[in-house]
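Tertiary structure, described
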Amino acid sequence: MLLAHERADVCEYARRLSADGLVVGTSGNISVRSGDLVAVTPTGVDYARLEPADVPVVDLAGDVADGELRPTSELPMHLAVYTRAADPDGAPVGAVVHTHSTHATAVSALAEEVPPIHYMVAAIGPSARVARYATYGTAELAESMLAALEGRRGCLLANHGTVTYGADLAAAYSRAEQLEWVCRVWLTARAAGDPALLPGEEIEHVVDRLRGYGQPRR
C-alpha cells in the first residue's frame, strides 16, 4: 500500500479534528505529502470509521495513484498549498489541515485579519489574513487562499474555516489549534468590551522568537 505511514497519520489526525471540536461530521480535511504523492482524507466518510486503506493517494496533478475512494472536494486547495505556497523560512510544506472550527469561522465573517489580541497569532505569521470568499472546492477558492497565505503559514477562509500548513502534520495541526484559540480569545474579549490589541512590531518580534522555540531535533 502506497504511503502506509502517511495514510495512518491522516486517520489519526482526522479523528482528532472531531474530538478537538475543529470540525463537525465529515467537514474539514487533512493531507500529508511524501515526494510527489499526497495522502488526503476522502470525501463524505465518517472519520471515526476511517481506515488507512480508505485514504486516497493522489499525485500533484490530482490524479489518484492508489485507493478506491474519491478525495476530498477541497483537493484543489491542498494541492495549491503544496505546489505554490512558500513557507516564510523556506521550510518544506509537508502537511495541510483545513478546519471548520467555530470561533475562527465566526471571526472570518467579522474581520479582514485576525486581530493581534495575543502574541500566538505569530504561530501563523505577522498576522492571519482572511481570504476572500469563494465556493468550496473551486479553483477560485484556492487562488483566494494563496493570496492570503503569502508570507504566512495559515489563514482564515471568509465564512468558511481555516487552512494551516507545516513541515509535518503535527506542526500544521498545532497551528490550526492555535489559530482557533486566538480567535476564541478575541471573540470572548470583544463580547465584554473593546479589547486592547498588541502592536504589529510586537507580533513581528514574537515571530522571530518562535523560530528558535522548543527543543532542538536529534
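The rules we used
- Residues numbered from 1 in each chain as written.
- Predicted model: local features only at pLDDT ≥ 70, side-chain atom pairs only at ≥ 80, totals over all residues.
- Heavy atoms only, no water.
- Helix = DSSP H or I, 4+ residues; strand = E, 2+ residues; numbered from the N terminus.
- Buried < 20%, exposed > 50% of the residue type's maximum accessible area, 1.4 Å probe, protein only.
- Expected span 1.5 Å × (residues − 1).
- Contact = heavy atoms within 4.5 Å.
- Polar contact = N/O pair within 3.5 Å; in protein donor to acceptor, adjacent residues only side chain to side chain.
- Axes fitted to C-alpha atoms, helices over the stretch in contact; angles between N-to-C directions.
- Parallel < 35°, antiparallel > 145°, perpendicular 65-115°, else oblique.
- Nonpolar A, V, L, I, M, F, W, Y, C, P; charged D, E, K, R; others polar.
- Pairing = 2+ DSSP bridges.
- Core = buried A, V, L, I, M, F, W, Y, C linked by side-chain atoms within 4.5 Å.
- Lys, Arg positive; Asp, Glu negative; His and termini not counted.
- Salt bridge = Lys/Arg side-chain N within 4 Å of Asp/Glu carboxyl O.
- Left-handed = near helix turned anticlockwise from the far one by under 90°.
- UniProt positions renumbered as here; feature names shortened; annotations may be inferred.

**Quick word on the overall build of the chain**
When its secondary structure is counted, the chain shows six helices and eight strands. Along the chain, helices (α) and strands (β) appear in the sequence α-β-β-β-β-α-β-α-β-α-β-β-α-α when read from the amino end. Each principal axis of the C-alpha atoms in the chain carries an extent, and together these give about 50 × 35 × 30 Å. Taken across its 218 residues, the chain has 47% of its residues classed as buried.

**Brief notes about helix α5 (residues 169–192)**
Given a rise of 1.5 Å per residue, 24 residues ought to cover 34 Å, and the 35 Å separating the end C-alpha atoms of α5 matches this to within 8%. Looking at α5, one finds that the buried residues are L169, A172, Y173, R175, A176, L179, E180, V182, C183, W186 and L187. Looking at the buried residues of α5, the elements they touch are α1 (4–19), β1 (29–34), β5 (95–99), α3 (102–108), β7 (154–157) and β8 (161–166). In this structure D168 caps α5, since a side-chain oxygen of it lies 3.4 Å from the backbone nitrogen of A170.

**A closer look at the packing of α1 against α5**
Two elements in contact, α1 and α5, have axes whose closest approach is 11 Å; the angle formed by their N-to-C orientations is 10 degrees. In this view, α1 runs roughly parallel relative to α5, as classed from their interaxial angle. The segment α1 lies against α5, with D9, V10, Y13, R16 and L17 engaging L169, A170, Y173 and E177. A per-class count over the contact of α1 with α5 returns six nonpolar, no polar and three charged.

**Brief notes about the pairing of β1**
Bridging between β1 and β5 involves four bridges; their strand directions are antiparallel. Residue S31 lies in a different strand from β5, and its bridge partner there is V96. Sheet topology places β1 next to strand β2 (residues 37–40); four bridges connect them, and they run antiparallel. Across the sheet, the residue bridging to V32 is A39, located in β2.

**As for the nonpolar core**
Within the largest apolar cluster, 24 residues are counted, with the highest numbers of intra-cluster contacts made by V81, M145, L157 and V163. Of all the secondary structure elements, the ones that give two or more residues to this core are β2, α2 (75–84), α4 (139–149), β7 and β8. Not counting residues within four places of it along the chain, the set of residues in contact with L157 comprises M77, H98, S108, V130, A131, L141, M145 and V163. Counting residues in each nonpolar core, the second largest holds 22 residues, with V10, A39, A172 and A176 among its members.

**Section: the side chain of E180**
With respect to the element layout, E180 can be found in helix α5. It is R184 that comes nearest to the buried, bridge-free E180 among opposite-charge side chains, at 6.6 Å. At 2.8 Å, the side chain of E180 forms a polar contact with the backbone nitrogen of A104. With sequence-adjacent residues up to four places away left out, E180 is seen in contact with L22, S101, T102, H103 and A104.

**Some words on the packing of α2 against α4**
For the pair α2 and α4, interaxial distance at closest approach is 9 Å and the crossing angle is 40 degrees. Relative to α4, α2 is oriented oblique. Of the two possible hands of crossing, α2 and α4 adopt the one that is right-handed. On the side of α2, the interface is formed by P76, M77, A80, V81 and R84, while α4 contributes L141, A142, E143, M145, L146 and L149. Its residues assigned to classes, the contact of α2 with α4 shows nine nonpolar, no polar and two charged.

**A short note on the side chain of E74**
Looking at where E74 falls in the secondary structure, it is placed in the loop between β4 (64–66) and α2. No salt bridge is formed by the buried E74, whose closest oppositely charged neighbour, R70, lies at an N-O distance of 12 Å. A polar atom in the side chain of E74 sits 3.5 Å from the side chain of H160. Setting aside residues up to four positions removed in sequence, E74 forms contacts with N29, H98, Y136, G137, L141 and H160.

**Focus: the UniProt feature "domain: Class II aldolase/adducin N-terminal" (unreviewed entry) in the chain**
With numbering matched to this structure, UniProt assigns "domain: Class II aldolase/adducin N-terminal" (unreviewed entry) to residues 8–187. Secondary structure content for residues 8–187 is 33% helix and 18% strand, and the end C-alpha separation is 35 Å.

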